[in-house]
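# An overview of the molecular structure
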Amino acid sequence: MAMIDEGETDWKIIAIDVTDPLANEMNDIEDVNEHMPGFLGATHEWFKIYKIPDGKPANKFAFNGEAKNKKFATDVIAKTHQQWQALVSKTVECGNLSCENVGVAGSPYLIPQQDASAEVDKATPPAAALPIPPEVDKWHYVKI
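Below: a short report on this structure.

The rules behind each value
- Residues numbered from 1 in each chain as written.
- Predicted model: local features only at pLDDT ≥ 70, side-chain atom pairs only at ≥ 80, totals over all residues.
- Heavy atoms only, no water.
- Pairing = 2+ DSSP bridges.
- Helix = DSSP H or I, 4+ residues; strand = E, 2+ residues; numbered from the N terminus.
- Core = buried A, V, L, I, M, F, W, Y, C linked by side-chain atoms within 4.5 Å.
- Buried < 20%, exposed > 50% of the residue type's maximum accessible area, 1.4 Å probe, protein only.
- Contact = heavy atoms within 4.5 Å.
- Phe/Tyr/Trp six-rings, centres within 6.5 Å; stacked < 30°, edge-to-face > 60°.

Turning to the sheet that holds strand S3 (residues 60–61), a few remarks are in order. Ordered by their spatial adjacency, three strands build an open sheet running S2-S1-S3, and the pairing between neighbours is antiparallel. A single partner strand is all that each edge strand has here, and the edge strands are strand S2 (8–11) and S3. The sheet contact formed by strand S1 (residues 2–5) and S3 spans two bridges and is antiparallel. Bridge pairing in S3 links Ile4 to Lys60.

What follows is the structure in structure tokens.
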């Protein structure tokens, strides 16, 4: 599903755990409708409304909210992977994005693990957890 989140495409990949009892039956998106009727509609609806309680508008979707098939999804994954590779290989400008890493062989941004650890150690330590406000237990009913 292609959710539009604050003007950018936020891809939602529908997947199943290989140990799930239905895994052998689920090979493409049409199998979800066959074996789990209503699941895709409920998933779309949840992604559409989940930010409304925070005062944000309902999310919009490309393709009228249709969940695309396996080939489409794997093409999106391949394309975004190519974009990531271009970033970490410095074949495109990364702007203010930090691309330093400790595990991408050949990346000009590759840094030693101890340098990465030193950066983490410089960060402000986390503060004690704040109490959970009671409004997190408030139920929200959304009617669109």
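Okay, back to it.
Burial of nonpolar side chains together is a common tendency in soluble globular proteins. The biggest cluster of nonpolar side chains holds nine residues, and these are Met1, Met3, Met26, Ile29, Val32, Leu40, Phe47, Phe61 and Ala67. Excluding residues within four positions of it along the chain, Ala67 makes contact with Met1, Ile29 and Leu40.

The pairing of S1 with S2 spans four bridges and is classified as antiparallel. Bridging from a neighbouring strand, Met3 pairs with Asp10 of S2. Counting the residues between successive antiparallel strands, the hairpin from S1 to S2 contains two residues, one of them, Glu6, with a positive phi of roughly 50 degrees.

Under the counting rule described, the total for this entry stands at five aromatic pairs. Both rings, one in Trp11 and one in Phe72, keep their centres 5.9 Å apart while their planes meet at 55 degrees; by these two values the pair is tilted. Residue Trp11 is found in strand S2, and its partner Phe72 is found in helix H3 (residues 70–88); the two are separated by 61 residues along the sequence. Each ring, one from Trp46 and one from Tyr50, has its centre 4.6 Å from the other, and the planes form 10 degrees; the classification is stacked. In this structure Tyr50 comes out as partly exposed when scored by relative accessible area, which is 29%. Members of the aromatic cluster, each reached through a chain of ring pairs, are Trp11, Phe63 and Phe72.

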